[in-house]
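Structural description and commentary
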Amino acid sequence: MGMDAIRNSWRTPIWQSLLVGMVLFCCPGMFNAINGMGAGGSAASNTSLVAKGNSALYACFAIVGLFSGSVVNTVGPRICLSLGGFGYALYIGSLWSLDRGGPQGFVIGAGAVLGVTAALLWCAQGVVVMAYPTEKERSRHFAYQWSMLGVGAAIGGLIPLAQTVRSGGTDAVSTSSYIAFFIIVCIGIALSFLLSNPTDVHRKDGTPVQVAASLAFRDEIVNIFRLLKDKKILLLTPSFLASNWFYAYQFGMNGFYFSLRSRSLNSMMYWLTQVVGTFGISAILDYKNLRRRTRGLIGLGVVTTFVTVTWCGGLAFQLTFTRETPSPQKDWADEGWAGPFVLYFMYGMADAMFQSYCYWIMSACTNDPQRLARYGGWYKGIQSAGAAVSFGINAVQIPFIAELGICFGLQVASIPLMLIVALGVTDTNYGLEDLVVPPSDLVEAAGKAAVYNSNATLSCEIEEDDTKEKIGLRAS
């Protein structure tokens with residue numbers, strides 16, 4: 001295989017999606033691993049400090065995220081993906097510094113910087129996963145990326161788990177764990193520079209994924225505000241708000257209730273089981289033998305059922321303790337550990353399924369790459385606004401049961417609005433948007449249909465003329 005063939009294969013949607021998945025593995029994956037252990041992997045006494053850092057992170061994420069689609073459309077996904085990686089490195093460096101006795105303010109400041117850069121990274125990810133694949137492949141591409149993120153977080157969780165599995169009583173991860181996380185994030189930064197420009201990416205059939213030139217940044221900002229008139233996006237906004245709200249409660253509960261090595265195992269399984277959740281819902285949403293609207297409705301029903309059952313189990317568990325209860329430091333060697341452990345990885349599966357559906361329903365609204373970039377930015381902005389508020393609530397130590405009630409209520413309340421959008425999903429959006437190039441197989445199929453319809457019409461006209469002629473002969 002020559003270099004040109006390798007280059008052309010690399011510039012296809014699947015390889016671009018897998019590359020972004022590798023960056024998610026290295027950067028957000030390590031962040032999720034360390035954040036999922038509660039208190040950023042540090043001593044449980046730092047839970048409030050890390051919650052404040054996360055609140056700053058998501059507050060900045062929310063503000064920048066709303067406009068990140070315009071930034072990605074202007075400078076391109078590659079630059080935004082790379083900047084996002086630098087932010088993750090800085091944040092893990094701040095936790096490393098805290099471990100060595102560094103200033104607490106560094107954690108909050110690094111969280112704010114990460115909020116800015118992560119907004120760009122995640123919007124770039126949204127463009128690649130929603131705009132590059134064809135309509136029938138999008139949920140599968142998202143499953144690839146989200147699974148790599150989950151595996152990254154799971155493997156990241158193995159680092160401190162391996163170091164604490166024998167100690168049992170350690171309250172924080174070791175310095176070498178932070179060093180390992182930092183190195184992996186730096187690898188992700190290097191990989192991000194390999195992403196191709198959107199104009200160079202073509203499907204296997206040779207059709208481009210993007211043909212429109214970028215707009216001026218001022219015009220991009222105007223288009224962001226036009227989303228406020230987009231009824232579908234407004235109906236989906238409550239689900240965006242709910243989609244990360246629960247992290248503060250779930251991670252905080254993990255840090256409060258379990259010992260460090262159990263927290264590490266919980267975190268690993270939380271992200272690893274997301275692979276099951278995302279591929280499970282993807283199998284429904286990309287099932288070729290059903291119409292797209294039918295797939296969307298069945299998928300929403302599955303997500304709703306699983307989310308509701310999981311939160312009901314969470315409620316039953318939460319009624320057994322409060323914040324005022326001394327931390328049980330429940331270890332896997334203790335009696336009664338298995339039930340909460342199963343619940344925790346069910347939280348992870350529910351997270352993956354809910355977010356997978358959010359991406360699918362957004363991508364079912366349009367095929368325009370620039371519009372999808374704005375959708376992705378809006379999604380991450382609103383999502384992060386919810387996370388900022390939830391981590392702020394968690395930082396002031398409101399009762400766990402109140403946090404759970406808010407999380408449960410937001411997700412359940414958003415589902416009827418998602419249903420309205422799902423009921424309006426069409427079989428395809430190809431042919432409805434001038435700046436979108438349909439895949440060649442659809443163009444060929446449409447051409448055959450046109451020829452068939454044309455021949456059928458001609459046949460009817462001939463038959464009609466022949467009938468008239470026969471009637472005329474009989475009359476004479």
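Bear in mind the structure is a predicted one, so any value in this text is a computation, not a measurement.

Conventions adopted
- Residues numbered from 1 in each chain as written.
- Predicted model: local features only at pLDDT ≥ 70, side-chain atom pairs only at ≥ 80, totals over all residues.
- Heavy atoms only, no water.
- Helix = DSSP H or I, 4+ residues; strand = E, 2+ residues; numbered from the N terminus.
- Buried < 20%, exposed > 50% of the residue type's maximum accessible area, 1.4 Å probe, protein only.
- Contact = heavy atoms within 4.5 Å.
- Areas by Shrake-Rupley, 256 points an atom, 1.4 Å probe, with all protein chains shown as cover.
- pLDDT = per-residue confidence, 0-100.
- Phe/Tyr/Trp six-rings, centres within 6.5 Å; stacked < 30°, edge-to-face > 60°.
- Lys NZ or Arg CZ within 6 Å of the ring centre and 35° of its normal.
- Arc of directions from axis to C-beta.
- Axes fitted to C-alpha atoms, helices over the stretch in contact; angles between N-to-C directions.
- Parallel < 35°, antiparallel > 145°, perpendicular 65-115°, else oblique.
- Left-handed = near helix turned anticlockwise from the far one by under 90°.
- Nonpolar A, V, L, I, M, F, W, Y, C, P; charged D, E, K, R; others polar.

A tally of helices and strands in the protein yields 17 helices and zero strands. Residues classed as buried in the protein amount to 54% of the 476 residues present. Look at the contacts in the protein between residues 6 or more apart in sequence, and 86% of them connect residues 24 or more apart. A total of about 19,100 Å² of accessible surface is found on the protein, and carbon and sulfur atoms cover 66% of it.

Along the chain, the position of Trp15 falls in helix 2 (residues 13-26). Through-space distance from the C-alpha of Trp15 to that of Val201 is 9.9 Å; in sequence the pair is 186 residues apart. Non-local contacts of Trp15, meaning those with residues more than four positions away in its chain, are made with Ser9 and Trp10.

Let us look at the confidence of the model for the protein. Taken as a whole, the protein shows an average pLDDT of 84; of its residues, 86% reach a score of 70 or greater. The low-confidence segment residues 448-476, where pLDDT is below 50, has zero contacts with residues more than four positions distant or belonging to other chains.

Tallied over the entire structure, the rule returns 34 aromatic pairs. Ring geometry for Phe142 against Tyr359: centres 4.7 Å apart, planes inclined by 35°, an arrangement best described as tilted. With Phe142 in helix 7 (residues 138-164) and Tyr359 in helix 14 (residues 338-363), this residue pair connects regions lying 217 residues apart in the sequence. Assigned by exposure class, Phe142 and Tyr359 land together as buried. Ring centres of Tyr249 and Phe400 lie 6.2 Å apart, and the angle between their planes is 75°; on these two criteria the pair is classed as edge-to-face. With a gap of 151 residues between them, Tyr249 in helix 11 (residues 246-257) and Phe400 in helix 16 (residues 400-423) connect regions that are remote in the sequence. In terms of burial, Tyr249 and Phe400 fall into one category: buried. Its guanidinium or amino end placed over the ring of Phe400, Arg323 lies 4.0 Å from that ring's centre, counting from NZ or CZ. Across the ring face of Trp122, the terminal group of Lys380 is positioned such that the distance to the ring centre comes to 4.3 Å.

For Gln329, which is not glycine, the phi dihedral falls at a positive 50°. With respect to the element layout, Gln329 can be found in the loop between helix 13 (292-318) and helix 14. In this structure Gln329 comes out as partly exposed when scored by relative accessible area, which is 31%. Unusually for a residue other than glycine, Gln397 sits at a positive phi of about 60°.

Inspection of the secondary structure assignment puts Trp96 in helix 5 (residues 77-99). Excluding anything up to four places from it in sequence, Trp96 contacts Thr175, Tyr178, Ile179 and Phe182.

Before going further, it helps to examine helix 9 (residues 217-226). Residues Glu220, Ile221, Asn223 and Ile224 constitute the buried set of helix 9. Down the axis of helix 9, the buried set is contained in an arc of 160°. They therefore lie on one face. Facing away from the buried surface of helix 9 by more than 90 degrees, the exposed residues are Arg218 and Arg226.

It is worth spelling out the packing of helix 10 (residues 231-242) against helix 16 at this point. Remark: helix 10 packs on helix 16, axes separated minimally by 8 Å, with the N-to-C direction vectors making an angle of 155°. Classified by the angle between their axes, helix 10 and helix 16 sit roughly antiparallel to one another. Where helix 10 crosses over helix 16, the handedness of that crossing is left-handed. Between helix 10, through Lys232, Leu235, Leu236, Pro238, Ser239, Leu241 and Ala242, and helix 16, the contact on the second element is made entirely by Leu410, Gln411, Ser414, Leu417, Met418, Ile420 and Val421. Of the residues assigned to the contact of helix 10 with helix 16, the class counts are ten nonpolar, three polar and one charged.

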